[in-house]
Amino acid sequence: MCDHIKTRGKNKGKKGYGWMDFRNRWCTSQLKIQPYNRYLKQYKKQGYEIIEYHGIAVDEKERTEKNKSKDRIIKYPLVDWEMTEKDCLEYCYSLGFDWGGLYEKFNRVSCYLCPLSRLGEIEIVYKYFPELWNKMKELDKRSFRQFRSDYSLDELEEKFNNK
């Protein structure tokens, strides 16, 4: 959420992108897909064959069906090797990777400020990562809508403090 001014749609004139939600996952397109495709474009123009390796584990094999592409080859080595998410995590731990203990608190590590996260995950951010929580509150002030449709960040703080 930057100081972008909306130029069309029902939120025309409002600042920021607002928090993403189920209907509008702008973060995926704006922060992942578009920059990635812009980067690859230079190599496509030069005639390179693009081969992507996606880290989808065998226990989520169904996700591979959604990732078809006409202009690049996509491979899934973890599926080919029949590695589950648990196998992958154990392998990483065996090599000394521990991500600062994040997997001791979270089942999965994803975007810490995702409004689509379960409330339990958001509570972990609040309790154990106050600097990230404060950053979320700062971003929330710059958004034209509250963090989640069911709770604002202030309401979540109150809920977490009253447990």
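Fair warning: this is a prediction, and the values are worked out from it, not measured in the lab.

**Details of the packing of aromatic side chains**
Inspection of every chain in the model, using the stated rule, returns 10 aromatic pairs. Arranged with centres 6.2 Å apart and planes meeting at 20°, the rings of Phe106 and Phe129 form a pair that is stacked. Taken together, the residues span a long stretch of sequence, with Phe106 in the loop between helix H4 (102-105) and helix H5 (119-128) and Phe129 in the loop between H5 and helix H6 (130-141) at a distance of 23 residues. Both residues of the pair, Phe106 and Phe129, belong to the buried class. Both rings, one in Tyr126 and one in Trp133, keep their centres 5.0 Å apart while their planes meet at 70°; by these two values the pair is edge-to-face. For Tyr126, a relative accessible area of 19% gives the class buried. According to the relative accessible area criterion, Trp133 is buried, its value standing at 2%. Put simply, the rings of Tyr93, Phe97, Trp99 and Tyr103 touch in pairs and so form one group of aromatic residues. The lysine or arginine in question, Lys105, covers the ring of Tyr128, its NZ or CZ lying 4.6 Å from the ring centre.

**What to know about the environment of Leu113**
Residue position: Leu113 is located in the loop between H4 and H5. Each C-alpha atom, one on Leu113 and one on Lys137, is 9.9 Å from the other, the two residues being 24 residues apart in sequence.

**So, the packing of H6 against helix H7 (residues 153-161)**
Following both chains from N to C, one finds H6 and H7 inclined at 150°, their axes separated by 10 Å at the closest point. In this view, H6 runs roughly antiparallel relative to H7, as classed from their interaxial angle. Between H6, through Trp133, Met136, Lys137 and Asp140, and H7, the contact on the second element is made entirely by Leu153, Asp154, Leu156, Glu157 and Phe160. Its residues assigned to classes, the contact of H6 with H7 comprises 5 nonpolar, no polar and 4 charged.

Conventions adopted
- Residues numbered from 1 in each chain as written.
- Predicted model: local features only at pLDDT ≥ 70, side-chain atom pairs only at ≥ 80, totals over all residues.
- Heavy atoms only, no water.
- Phe/Tyr/Trp six-rings, centres within 6.5 Å; stacked < 30°, edge-to-face > 60°.
- Helix = DSSP H or I, 4+ residues; strand = E, 2+ residues; numbered from the N terminus.
- Buried < 20%, exposed > 50% of the residue type's maximum accessible area, 1.4 Å probe, protein only.
- Lys NZ or Arg CZ within 6 Å of the ring centre and 35° of its normal.
- Axes fitted to C-alpha atoms, helices over the stretch in contact; angles between N-to-C directions.
- Parallel < 35°, antiparallel > 145°, perpendicular 65-115°, else oblique.
- Contact = heavy atoms within 4.5 Å.
- Nonpolar A, V, L, I, M, F, W, Y, C, P; charged D, E, K, R; others polar.

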